[in-house]
Amino acid sequence: QVQLVESGGGLVQPGGSLRLSCAASGSIFSDNTMGWYRQAPGKERELVAAITWSGRINYADSVKGRFAISRDNAKNTVYLQMNSLKPEDTAVYYCRITIHADKYVEVWGQGTLVTVSS
């Protein structure tokens, strides 16, 4: 019954910024990792950034220095601040949560489209 609600996608010009939000609801245990993945046309889905409940972060090399992931544990919400956007960042961005408690749970969001174009 875990659900992810994403927001913040849209159309932006190269060099611009967007901030994505993903709020998790339902049976959320503290031992979880939330992250952002993206899938561009003709490409496989790839990790953008992930953050554990304790704040450990992993970024894809392609976004290091431009994107920043953060989370608010009280709100079970993860954010992705995207700066200096490039056309190659165009993709559907998916939020993901993995919960490591008594059992492993993985839930994906519906995806939000980010289009970087002039």
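In short, a report on the structure. Note that the structure is predicted; figures quoted are calculated from it, not measured. Here, residues in each chain are numbered from 1, in the same order as that chain's written sequence. Where local features are concerned, this predicted model is filtered to residues with pLDDT of at least 70; where side-chain atom pairs are given and counted, the filter is 80 or more; whole-chain, interface and lining totals use all residues. To get the side-chain values, all heavy atoms of the structure are used, and hydrogens and water are removed first.

1. Things to note about the nonpolar core
Under the convention used in this document: We call a set of buried residues a nonpolar core when its members are Ala, Val, Leu, Ile, Met, Phe, Trp, Tyr or Cys and they connect through side-chain atoms within 4.5 Å of each other. Three labels apply to residues, based on accessible area from a 1.4 Å probe with only protein chains included: buried if under 20% of the type maximum, exposed if over 50%, partly exposed otherwise in between. For the purposes of this entry, the term helix denotes a DSSP run of H or I that reaches at least four residues, the term strand denotes a run of E that reaches at least two, and both are numbered from the N terminus. Residue contacts are defined here by distance: any two heavy atoms, one from each residue, within 4.5 Å place the two residues in contact.
Within the largest apolar cluster, 30 residues are counted, with the highest numbers of intra-cluster contacts made by Trp36, Leu80, Met82, Tyr93 and Ile97. Here this core takes 5 residues from strand β9 (residues 91-100), the largest share from any one element. When neighbours within four sequence positions are excluded, isoleucine 97 is seen to be in contact with Val2, Leu4, Ala24, Ile28, Asn32, Thr33, Met34, Val105, Glu106 and Val107.

2. Focus on the sheet that holds strand β8 (residues 77-82)
To keep things clear, this is the line we draw: Pairs of strands are assigned from DSSP output, requiring at least two bridges between the strands. Inter-axis angles, ranging from 0 to 180 degrees, are taken between N-to-C directions of lines fitted to C-alpha atoms, where helices are fitted over the stretch in contact.
Sheet architecture is open: 4 strands sit in the order β1-β3-β8-β7, paired in antiparallel fashion. The open sheet terminates on both sides in strands that have one partner only, identified here as β1 (3-7) and β7 (67-72). Within this sheet the neighbouring strands show an average axis-to-axis angle of 15°, counted without direction.

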